[in-house]
Amino acid sequence: MAVTAGSKVLNNVEAVRETLYEAMKADERCVILGEDVGARGNVFLITKDFVNEFGAQRVIDTPIAEASIVGIAIGMAMEGLRPIAEIQFADFIYPAFNQIVGEAAKTRYRSNGEYTCPLVIRTPYGGGVRGALSHSVSIEALFYHVPGLKIVAPAFPADMKGLLNAAIDDPDPVLFLEHKKTYRLIKGEVPDGHYTIPLGKADVKKTGRQLTVVSYGLYVHWALDAANQLESEGVSVEVIDLRSIRPMDRTTILESVEKTRKLLIIHEDNKFGGIGAEISAMVAEEALFSLDAPIRRLCAPDVPAMGYAEPLEHEYMSSPAKMADAMREMVRF
Amino acid sequence: MGHRDYFHLVATKSSTKNTPPGFARHGLTDEQLVAILRTMLMHRRLETRGFELNRQGKIPFASAGEGHEAVQAGAAMAFVRGKDILVPYYRDLGLDLGVGLRPVEVLLSLFGRADDHSGGRQFPHHYASKQLGIYTISSVLAAQLPHAVGAAFAMKYRNERDRAVLTTVGDGATSEGEWHESMNFAAVHKLPIVFLCENNEWAISTPLDKQMANPNIWQRAAGYGMPGVVVDGFDPIACYAATKDAMDRARSGGGPTLIEAKCYRFLAHTTDDDDRTYRSREEVETRRKDDPVPKFERLLVEAGILSAEGLEALKRSVLAEANEATDQAEAMPYPLPEALYEGVYADDFQPWR
Amino acid sequence: MAKTETKAKSLDRHGLTDEQLRAIFRNMLLQRQLDNRGFQLNRQGKVPFALGSEGHEALQAGAAMAFERGKDILAPYYRDLGLAIGIGLTPYEIMLSLFARAADHNGGRQFPNHYSSKHAGLMSFSSILAAHIPHAVGAAYAMKYRGEGGRAVLVTCGDGTTSEGEWHESMNFAAIHKLPLVMLVENNGWAISTPIEHQMAQPEIWKRAAGYGMPGKRFNGLDPIETYATVNEALQRARSGGGPTIVEGTCFRFLAHSTDDNDLTYRTKEMVLEQRKHDPVPAFEQTLLDAGVMSAADIEAMRKDVLRETNDATDKAEAMPYPQASDLYTHLYEGAWQPWQ
């Protein structure tokens, strides 16, 4: 990979790690808390050796207690620290649901701005790693419904860094979703130094003319693979990386749909009530007459999760080939 | 061959006469003692097999419970099959074997085959068997405890005497709010349930002193208004005695008990964990000296319950059974892709009607 | 006067001055007065909801006296009217909350009794029991982290809340990290309609402290001086790095849970009347009279003043405007964020 001056090639784990490291160095108010984040350095080694450098008071190995990991972080935030809480796997976030939705999201609103909650909750999500029912789920649909929360799900290392910096700076609670399969799989150029990417901005990762594909997480990469395959067949597909789930970027989506007049939403989460539903509704409301085909969503079947056995995981998840088929069909419509 | 047939081949005749002083068997027969050892050996054998298969690239994952063999085999001996219910966690291979799970069922889970109890859906070690009374669980710690309490409530509600629930956690899970809520409810309603905590001092990389300020979990029982018992988790007979005592109390309407069995986790958390990153080799080596498996082997041989040859034969039998189960399970087919869609609801519900 | 001096000596005041004792009593009277006012306004149809704390006056006034304004933080629950005014909230602020006016700290958004005041150090909370306790723990962690000696968090809850998983997780974490925190349990024996024997099998909550590895103590929550002494000791320990404590004060809840509850559906009038015999307000009044700290005339005057203050606050708050419809949309995030950008 060619490297521009002032940047280096990192994978997603390294991008998150570097960003957290710089944030901890720059601001003493930042503390990291979660299960196994200290001595173990996080189960994916994201915070490896952080505890040696920043101390156990700033890199806290918590007891096994998800509700209070978030709850205690809220208290820290209300009292002036900048906590970055970690839920070890998104599948474990459910006990903390009330603290996120009922407390963090509402702190500023219910106190009329007197109390605020500048909190980041990081968690690895997503499948394709034989994680079965408790190490593979996508959770964004459960939370993006909630006013007061912000949610991002970057897929590329440079976006990881920029959005994580923005999340840490953000005065409101941000759920930062990291797709675990992309951790070591995806590498990219990451500019040196501190920079932020604003929340609520999607990114066109590949321009095209015949079809708009909107996706996020691991599936953006597979969608790009599929789109590149189609390019070699003379079909031009535009791929938008959503990056930010709440707030979501309507401008970029609508501009693209105006151009291509066809929309395919691809996400790993279950179809019913997933992110694709909101995007479809928005586009139907605002750009119905710009469409030459019905909006289509390519998503997981509505079953609780992918199974551990390979055929079950395979059936649940999409693939570049399945995505390419869907794209061809849309273009032919 | 099952352990019953096996026992007659390996037991020495004058077994009970040679019982060393201080060897309290708490009413266990020679046969039962050998059965306990066999469960411990099979536990260790199958766990090692999991690691071997993972290193060979045949299975993506295996979990490790070395150090837990005594507490699990001992506790399982107090479980009454066909009556009691077991709500375990994911490190309870020995308990599952001890209540009747067969090695082939374990391997089917590791290989994710269609004939696995969960149809290849669940992570390995999340065994469940309606027939044996082993509840289905997730990987979320302590989430199974309220379920165990509910099952115990149902038993009491239906006046089912002589039934009890045995539920387990590690030290880490006792920090969970749901542990607290479950203990409290069980105590208020005097439910027929035993909470067995297998304290192996590590929650992945979190040592006991980061998990709690008072390392004696059993001491919390009094706060809830139930008895709390501490036992040497490396002594299977002591664990049997404590569990039997508690289960009997539960079954006879005496309410719940908290048992803390102190043991140690010799290996990393799972095949995906590297414990060298958070604990010293010296610590692990020092604790290895208390390995309950060789200790119990020695005890039974010294007590004349097993001869040295008998012990070897027992080990060979365990290995043979493990090998047979491995081959059998490996040869079985994966679930079909269509199996993904089954069993979401009782009938064929689609989200859009 | 020799007579009152003798009596005054027999009162164990734990270092409290006459002025402080009078302040405690005034707090108790004001709490009861404001409490009653809420019920009156509800019966008059002027406010949709009120929640009473009769029976908790001594506990809350005594605890508030141990609180250091400008330094400590209070993380209360919704029955802590006495604590709120005890640490400095004014009757006017209380009434603004009851009337849900725009000038209320929460802009009229929160249920009544869900006080919040950054200025006074009173943390914002919701109606979800125990959800505020991890927040209190986090705030205590921040204090310790920044090396702020001389500060502590006083967090409160009722007996029912101690059954919550988050209570357990919070106590555990506070103990591990020896945080500057005092967990004050106001055990009034009822969680709406759930009596203590259905809430827990072992009714002395303070006994759980040993299991967590921290000290625990029980005190008579109907005695404001004993309350002060116990809470003060625990707060001093917390402020000086000695770690957390669970202190449990027993008291009564004379009224129903709230104006939407009818407690005769789950307990008898006789039961409540029996408990009323131990009403902490007349009891402390008698104590002060006996000790010569206040005369009957003083007390009468204080009562009148409390009523006047309550009336002034009521009138002033009632006259204030409601929030406007456009106020619904403010303070969602910092800056104007729409879900679709």
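One can find the structure itself at the top, above this paragraph.
These numbers were taken from a predicted model, which means no experiment stands behind them. (Residues numbered from 1 in each chain as written. Chains lettered and ligands numbered in written order. Predicted model: local features only at pLDDT ≥ 70, side-chain atom pairs only at ≥ 80, totals over all residues. Heavy atoms only, no water.)

Participant: Mind showing me how you'd approach the overall build of chain A here?
Facilitator: Broken down by element type, chain A carries 13 helices and 14 strands. On C-alpha atoms alone, chain A measures out to a radius of gyration of 20 Å, which is about the 20 Å that the 2.2 N^0.38 rule sets for 333 residues. Overall, the C-alpha framework of chain A stretches about 60 × 45 × 40 Å when taken along its three principal axes. Counting only residues that meet the buried cut, chain A has 69% of its 333 residues in that class. Within chain A, one finds 35 positive and 45 negative side-chain charges whose respective centroids are separated by 3 Å. (Helix = DSSP H or I, 4+ residues; strand = E, 2+ residues; numbered from the N terminus. Rg over C-alpha atoms; globule rule 2.2 N^0.38 Å. Buried < 20%, exposed > 50% of the residue type's maximum accessible area, 1.4 Å probe, protein only. Lys, Arg positive; Asp, Glu negative; His and termini not counted. Charge placed at Lys NZ, Arg CZ, Asp CG, Glu CD.)

Participant: Just checking my understanding: could you explain the layout of surface pockets for this structure?
Facilitator: Where empty space is left can be seen by rolling a probe of water-molecule size over the atoms. Roughly 940 Å³ of volume is contained in the largest pocket. Forming the walls of the largest pocket are 46 residues, and the residues nearest its centre are A:F89, A:H135, B:F61, B:H269 and B:D272. Counting residues per element, the ones that place at least two in the lining of the largest pocket are α8 (182-185) of chain A together with β4 (202-203) of chain B. Its residues placed into classes, the lining of the largest pocket shows 20 nonpolar, 13 polar and 13 charged. (1 Å grid on protein atoms, 1.4 Å probe; cavity = no way out; pocket = protein on both sides within 12 Å on 5 of 7 lines; lining within 4 Å. Points joined across faces, edges and corners; volume = space filled by probe spheres on them. Nonpolar A, V, L, I, M, F, W, Y, C, P; charged D, E, K, R; others polar.)

Participant: Honestly, the interface of chain B and chain C in this entry has me stumped. Any pointers?
Facilitator: Bring the parts together and some accessible area is lost; that lost area is often taken as the interface size. Contacts between the two partners involve 22 residues from chain B, matched on the other side by 21 residues from chain C. Carbon and sulfur atoms make up 52% of the surface buried where chain B meets chain C, a total of about 1600 Å² over both sides. Looking at the side of chain B facing chain C, the largest losses of area belong to B:H180, B:V188 and B:G223, adding up to 30% of the total buried there. Remark: the boundary between chain B and chain C carries zero salt bridges. (Contact = heavy atoms within 4.5 Å. Buried area = accessible area lost by both parts, 1.4 Å probe. Salt bridge = Lys/Arg side-chain N within 4 Å of Asp/Glu carboxyl O.)

Participant: Where do I start with the sheet that holds strand β12 (residues 244-246) of chain A in this structure?
Facilitator: Whenever strands of a sheet pair, they do so through backbone hydrogen bonds, lying parallel or antiparallel. Residue and element names in this part refer to chain A. Sheet architecture is open: seven strands sit in the order β3-β2-β4-β5-β7-β6-β12, paired in mixed fashion. Across the chains shown, the open sheet's two edge strands, defined by having one partner strand only, are β3 (59-61) and β12. Pairwise comparison of adjacent strand axes, ignoring direction, gives a mean angle of 20 degrees for this sheet. Across the sheet, helix α1 (residues 12-26) lies against β2 (30-34), β3, β4 (82-86), β5 (120-125) and β7 (174-179), angled at about 130 degrees from β2, the strand it touches most. (Pairing = 2+ DSSP bridges. Axes fitted to C-alpha atoms, helices over the stretch in contact; angles between N-to-C directions.)

Participant: Whenever I open this one, the nonpolar core confuses me. Can you help?
Facilitator: Generally speaking, a soluble globular protein has its nonpolar side chains buried in company with each other. Within the largest apolar cluster, 168 residues are counted, with the highest numbers of intra-cluster contacts made by A:I279, A:V283, C:W167, C:L181 and C:M183. Here this core gets nine residues from one element, more than from any other, and that element is helix α6 (residues 132-145) of chain C. If you look at the next biggest cluster of nonpolar residues, it comprises 66 residues, including C:F25, C:Y78, C:F219 and C:A238. (Core = buried A, V, L, I, M, F, W, Y, C linked by side-chain atoms within 4.5 Å.)

Participant: What exactly am I supposed to notice about the environment of B:A329 here?
Facilitator: Residues and elements named next belong to chain B. Assignment of secondary structure puts A329 in helix α13 (residues 308-331). Relative accessible area serves as the criterion here: at 0%, A329 is assigned to the buried category. Sequence separation of A329 and H269 is 60 residues, and the distance between their C-alpha atoms is 24 Å. Leaving out residues up to four positions away in the same chain, A329 has contacts with V104, L107, L108, F111 and R113.

Participant: For this particular structure, what's the right way to read the sheet that holds strand β6 (residues 216-220) of chain C?
Facilitator: Residue and element names in this part refer to chain C. What the five strands build is an open sheet, ordered β1-β2-β3-β7-β6; its pairing is parallel. Pairing within the sheet leaves two strands with one partner each, and these edge strands are β1 (73-75) and β6. Between one strand and the next, the sheet's axes are offset by a mean angle of 20 degrees, whatever the strand orientation. Sheet topology note: the strand β2 (residues 153-158)/strand β3 (residues 181-187) ladder contains six bridges and is parallel. In the strand pairing of β3, C157 is matched with V185. The strands that helix α3 (residues 57-66) touches are β2, β3, β6 and β7 (245-250); relative to β3, the one it contacts most, it runs at about 165 degrees.

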